[in-house]
Amino acid sequence: QVQLVESGGGLVQAGGSLRLSCAASGTIFRINDMGWYRQAPGKQREVVASITTGGRTNYQDSVKGRFTISRDNGKNTVYLQMNSLKPEDTAVYYCNAEMWGGAIYWGRGTQVTVSS
């Protein structure tokens, strides 16, 4: 079994920064892609950013130039550096990991609130 635990969420003013972390633990052979998703009240969950084992990244258009995803394969951890935050970034942020073999795991989420 694999567990993903997010941390680093909180309340920040518009224009501020936060850094989210997500650590995977348990029986892990290899993690393929990792990613961050978010879900705002009344909206569907959406992908924010993803990163492959080799470091190739993809971003949602609305966060390009403001957010940076990275990972530490030795620590089975993925990060999301969020700068120039906007009120519309307010959401619960979830991390996601695809294991070798195809199993996908989710964290429980961390709240990010950006005040105007």
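Everything quoted here is computed from the prediction, not taken from an experiment.

(A) Structural detail: the overall build of the protein chain. Broken down by element type, the protein chain carries zero helices and 11 strands. In the protein chain, the succession of helices and strands from N to C terminus is β-β-β-β-β-β-β-β-β-β-β. Its C-alpha atoms give the protein chain a radius of gyration of 14 Å, near enough to 13 Å, the size a compact globule of 116 residues would have. With the C-alpha coordinates aligned to their principal axes, the bounding extent of the protein chain is approximately 45 × 25 × 25 Å. A separation threshold of at least 6 residues defines the contact pool for the protein chain, and within that pool the share at least 24 residues apart is 52%. Only carbon and sulfur atoms are counted for the fraction: they give 46% of the accessible area of the protein chain, which is about 6400 Å².

(B) Local environment of the side chain of Asp89. With respect to the helices and strands, the residue Asp89 is situated in the loop between strand E8 (77–82) and strand E9 (91–99). Not counting the four nearest positions on each side in its chain, Asp89 is found in contact with Arg38, Arg66, Phe67, Ser84, Val112 and Val114.

(C) Main features of the environment of Arg66. Note on placement: Arg66 falls in the loop between strand E6 (57–59) and strand E7 (67–72). In this structure, the C-alpha to C-alpha distance between Arg66 and Ala97, residues 31 residues apart in sequence, is 22 Å. With near-sequence residues (within four places) excluded, Arg66 lies in contact with Gln81, Met82, Asn83, Ser84, Leu85, Lys86 and Asp89. Within the structure, the side chain of Arg66 is placed 2.9 Å from the backbone oxygen of Ser62, a separation counted as a polar contact.

What counts and what doesn't
Residues numbered from 1 in each chain as written. Predicted model: local features only at pLDDT ≥ 70, side-chain atom pairs only at ≥ 80, totals over all residues. Heavy atoms only, no water. Helix = DSSP H or I, 4+ residues; strand = E, 2+ residues; numbered from the N terminus. Rg over C-alpha atoms; globule rule 2.2 N^0.38 Å. Contact = heavy atoms within 4.5 Å. Areas by Shrake-Rupley, 256 points an atom, 1.4 Å probe, with all protein chains shown as cover. Polar contact = N/O pair within 3.5 Å; in protein donor to acceptor, adjacent residues only side chain to side chain.

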